[in-house]
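# Secondary and tertiary structure notes
Residues per chain, in single letters:
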Amino acid sequence: MSTVYDCSKREPRAEGLAAAAASVRSSRLVVLPTDTVYGIGADAFDAGAVQALLRAKNRGPDMPVGVLVGSWSTVDGLVLGVPPQARALIEAFWPGDLSIVLPHAPSLQWNLGQSRGTVMLRMPLHPVALELLRDVGPMAVSSANVSGRPPAATATEAQDQLGDSVSVYLDGGSSGEPVASSIVDLTGDTPVILREGAVTRAAIAEVMGIGVETLA
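So, a few notes on the structure that sits alongside this text. Since this is a predicted model, take the numbers as computed values, not measurements.

## What to know about the overall build of the chain
Across its full length, the chain holds six helices and 10 strands. Here the C-alpha radius of gyration of the chain, 16 Å, is about what a compact globule of 216 residues would show, namely 17 Å. C-alpha atoms of the chain, sized along the principal axes, occupy 50 × 35 × 30 Å. A buried classification covers 49% of the 216 residues belonging to the chain. A separation of at least 24 residues holds for 63% of the contacts in the chain among residues at least 6 apart in sequence. Of the accessible surface of the chain, which amounts to about 9500 Å², a share of 51% is contributed by carbon and sulfur atoms.

So this is what it looks like as structure tokens:
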């Protein structure tokens with residue numbers, strides 16, 4: 001049985017965050033608001049919970065799950081290294097709607113799908129999401145919808161699609177018009193824009209100090 005918590009009010013928000021943290025630590029799924037669309041999340045280091053997330057979305061491991069973090073410093077423990085271009089993007093756009101793909105630290109025991117030794121990281125600009133992430137640590141998070149259906153802009157829309165596969169729904173109100181994060185892949189010799197979303201190609205190139213034409 002799922003529980004929905006209204007995070008616009010102080011007491012339900014505190015109760016909801018506590019319940020969500022307990023759920024994540026117990027290998028269960030939660031839905032949380034972000035600055036783009038609502039996300040369905042699990043403990044990034046709990047392979048069983050990540051598999052449950054993929055099942056809830058009716059999605060295979062060929063589309064690996066990204067990871068949300070609650071602070072800049074968390075990234076250092078998750079990747080092989082943070083190159084200067086990545087650091088510049090983090091300082092310019094985090095928290096916010098830019099995802100960065102980097103080689104993950106080989107010592108990490110996680111299974112996010114067929115990620116080929118990489119991880120997609122983002123720090124969301126939403127107070128509820130940040131409070132939960134700072135409590136439980138990195139979370140594997142994907143858009144809160146069944147694959148092939150529209151992403152959820154409200155907790156109700158997420159619940160309509162995901163139902164009781166999720167333990168806790170944190171209702172942070174409408175996310176507005178759904179806009180995906182931009183994704184930059186920094187795992188190769190040349191930066192690659194995998195998706196141009198809320199952050200423009202031009203803004204990304206300017207921060208990295210390169211010409212727009214050099215971005216693949």
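Now that the structure has been shown, the text picks up again.
## Points about the layout of surface pockets
Volume-wise, the largest pocket comes out at about 880 Å³. Along the wall of the largest pocket there are 38 residues; nearest its centre are R59, G66, M120, I183 and R195. Among the elements of the structure, β4 (66-68), β5 (98-103), β6 (118-122), β7 (139-143), β9 (182-185) and β10 (192-195) are those that each provide at least two residues to the lining of the largest pocket. Among the elements that line the lining of the largest pocket, the one with the most residues is β6, at five residues. For the lining of the largest pocket, the per-class residue count stands at 18 nonpolar, 14 polar and six charged.

## Considerations on the packing of helix α3 (residues 84-93) against helix α6 (residues 201-208)
Across the interface, α3 lies against α6 with an axial gap of 9 Å and an inter-helix angle of 120°. Considered as vectors, α3 and α6 are oriented oblique to each other. Crossing handedness for the pair α3 and α6: right-handed. Taking contact as the criterion, the partners of Q85, A88, L89, A92 and F93 in α3 are, on α6, A203, I204, V207 and M208. For the contact of α3 with α6, the residue count by class is eight nonpolar, one polar and no charged.

## A short note on the pairing of β6
Strand direction decides the pairing type here: β4 and β6, joined by two bridges, are parallel. Residue pairing in the sheet places L68 in a bridge with R122 of β6. Where β5 lies against β6, four bridges are found, and the strand directions are antiparallel. In the strand pairing of β6, I100 is matched with L121.

## Describing the packing of helix α1 (residues 10-25) against helix α4 (residues 127-136)
Running from N to C, α1 and α4 point in directions that differ by 45°, and their axes come no closer than 10 Å. Compared by their axis directions, α1 and α4 come out oblique. In the crossing of α1 with α4, the sense of the turn from one axis to the other is right-handed. Between α1 and α4, the contacting residues are R13, L17, A20, A21, V24 and R25 on the first element and P127, V128, E131, L132, D135 and V136 on the second. When the residues that make up the contact of α1 with α4 are grouped by side-chain class, the tally is eight nonpolar, no polar and four charged.

## Here's the deal with unusual backbone geometry
At the junction of W94 and P95, the peptide bond is cis and its omega measures out at -10° in the coordinates. Look at S27: it is not a glycine, yet its phi comes out positive at around 70°. Mapped onto the fold, S27 is located in the loop between α1 and β2 (30-32). A positive phi angle, near 60°, is found at N58, a position not held by glycine.

## Concerning the pattern of salt bridges
According to the stated counting rule, one finds five salt bridges in the structure shown. Note that D135 and R25 form a salt bridge whose closest N and O atoms lie 2.6 Å from each other. Separated by 110 residues along the polypeptide, D135 in helix α4 and R25 in helix α1 bring together distant segments of the chain. Judged by relative accessible area, D135 falls into the partly exposed class, the value being 41%. R25 sits in the exposed class, given a relative accessible area of 52%.

What counts, and where the lines are drawn
Residues numbered from 1 in each chain as written. Predicted model: local features only at pLDDT ≥ 70, side-chain atom pairs only at ≥ 80, totals over all residues. Heavy atoms only, no water. Helix = DSSP H or I, 4+ residues; strand = E, 2+ residues; numbered from the N terminus. Rg over C-alpha atoms; globule rule 2.2 N^0.38 Å. Buried < 20%, exposed > 50% of the residue type's maximum accessible area, 1.4 Å probe, protein only. Contact = heavy atoms within 4.5 Å. Areas by Shrake-Rupley, 256 points an atom, 1.4 Å probe, with all protein chains shown as cover. 1 Å grid on protein atoms, 1.4 Å probe; cavity = no way out; pocket = protein on both sides within 12 Å on 5 of 7 lines; lining within 4 Å. Points joined across faces, edges and corners; volume = space filled by probe spheres on them. Nonpolar A, V, L, I, M, F, W, Y, C, P; charged D, E, K, R; others polar. Axes fitted to C-alpha atoms, helices over the stretch in contact; angles between N-to-C directions. Parallel < 35°, antiparallel > 145°, perpendicular 65-115°, else oblique. Left-handed = near helix turned anticlockwise from the far one by under 90°. Pairing = 2+ DSSP bridges. Salt bridge = Lys/Arg side-chain N within 4 Å of Asp/Glu carboxyl O.

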